[in-house]
Amino acid sequence: MKFYEYLFGATKHRKCGNHSCEVVYEGDRRSLLKFNYFDTCICIVDLINRTYFLGDGGYGTMSTHRALAAYNTFLDSKGFRLAGLYLCNFYGFPYHLEHN
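Residues numbered from 1 in each chain as written. Predicted model: local features only at pLDDT ≥ 70, side-chain atom pairs only at ≥ 80, totals over all residues. Heavy atoms only, no water.

Novice: Please explain the packing of aromatic side chains as it appears in this structure.
Specialist: The description of an aromatic ring pair uses the distance of the two centres, along with the angle that the planes make with each other. The full count for this structure, using the stated rule, is seven aromatic pairs. Both rings, one in Phe3 and one in Tyr4, keep their centres 4.6 Å apart while their planes meet at 45°; by these two values the pair is tilted. With a relative accessible area of 25%, Phe3 lands in the partly exposed category. With relative accessibility at 14%, the residue Tyr4 sits in the buried group. Taking 5.6 Å as the distance between ring centres and 75° as the angle between the ring planes, the aromatic pair formed by Phe8 and Phe74 counts as edge-to-face. One end of the pair, Phe8, is in helix H1 (residues 2-8); the other, Phe74, is in helix H2 (residues 62-77), and 66 residues separate them in sequence. Taken together, Phe3, Tyr4, Phe8, Phe35, Tyr71, Phe74 and Phe80 form an aromatic cluster joined through their ring pairs. In this structure, Arg30 packs its charged tip against the face of Phe8, placed 6.0 Å from the ring centre. Above the ring of Phe80, the side-chain terminus of Arg50 is found at 4.2 Å from the ring centroid. (Phe/Tyr/Trp six-rings, centres within 6.5 Å; stacked < 30°, edge-to-face > 60°. Buried < 20%, exposed > 50% of the residue type's maximum accessible area, 1.4 Å probe, protein only. Helix = DSSP H or I, 4+ residues; strand = E, 2+ residues; numbered from the N terminus. Lys NZ or Arg CZ within 6 Å of the ring centre and 35° of its normal.)

Novice: Just checking my understanding: could you explain the side chain of Ser20 for this structure?
Specialist: Among the structural elements, Ser20 can be located in strand S2 (residues 19-26). Taking the relative accessible area as the measure of exposure, Ser20 reaches 4% and is therefore buried. Non-local contacts of Ser20, meaning those with residues more than four positions away in its chain, are made with Leu7, His13, Arg14, Lys15, Lys34, Phe35 and Asn36. (Contact = heavy atoms within 4.5 Å.)

Here it is in structure tokens:
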């Protein structure tokens, strides 16, 4: 989980392997985090409302869906609520998403 903590704690653009995080500010406070996988946004976190949206960015690959499940698990453990999901291919509903 250190990898996700590193990205989640970003105050400016941060990269870690194939993942990166962009930070959007509202005034002087962080309001949105945009998590990218291979430069495609797959997760948007609304820090103010404590919600997040997941999407595979049109890349319906199993590796992208594994990344989505990992972000879901991490954000769920932080007390955030899944507010939206978009998958272009379907490999069966991911276990972690099925129980939210």
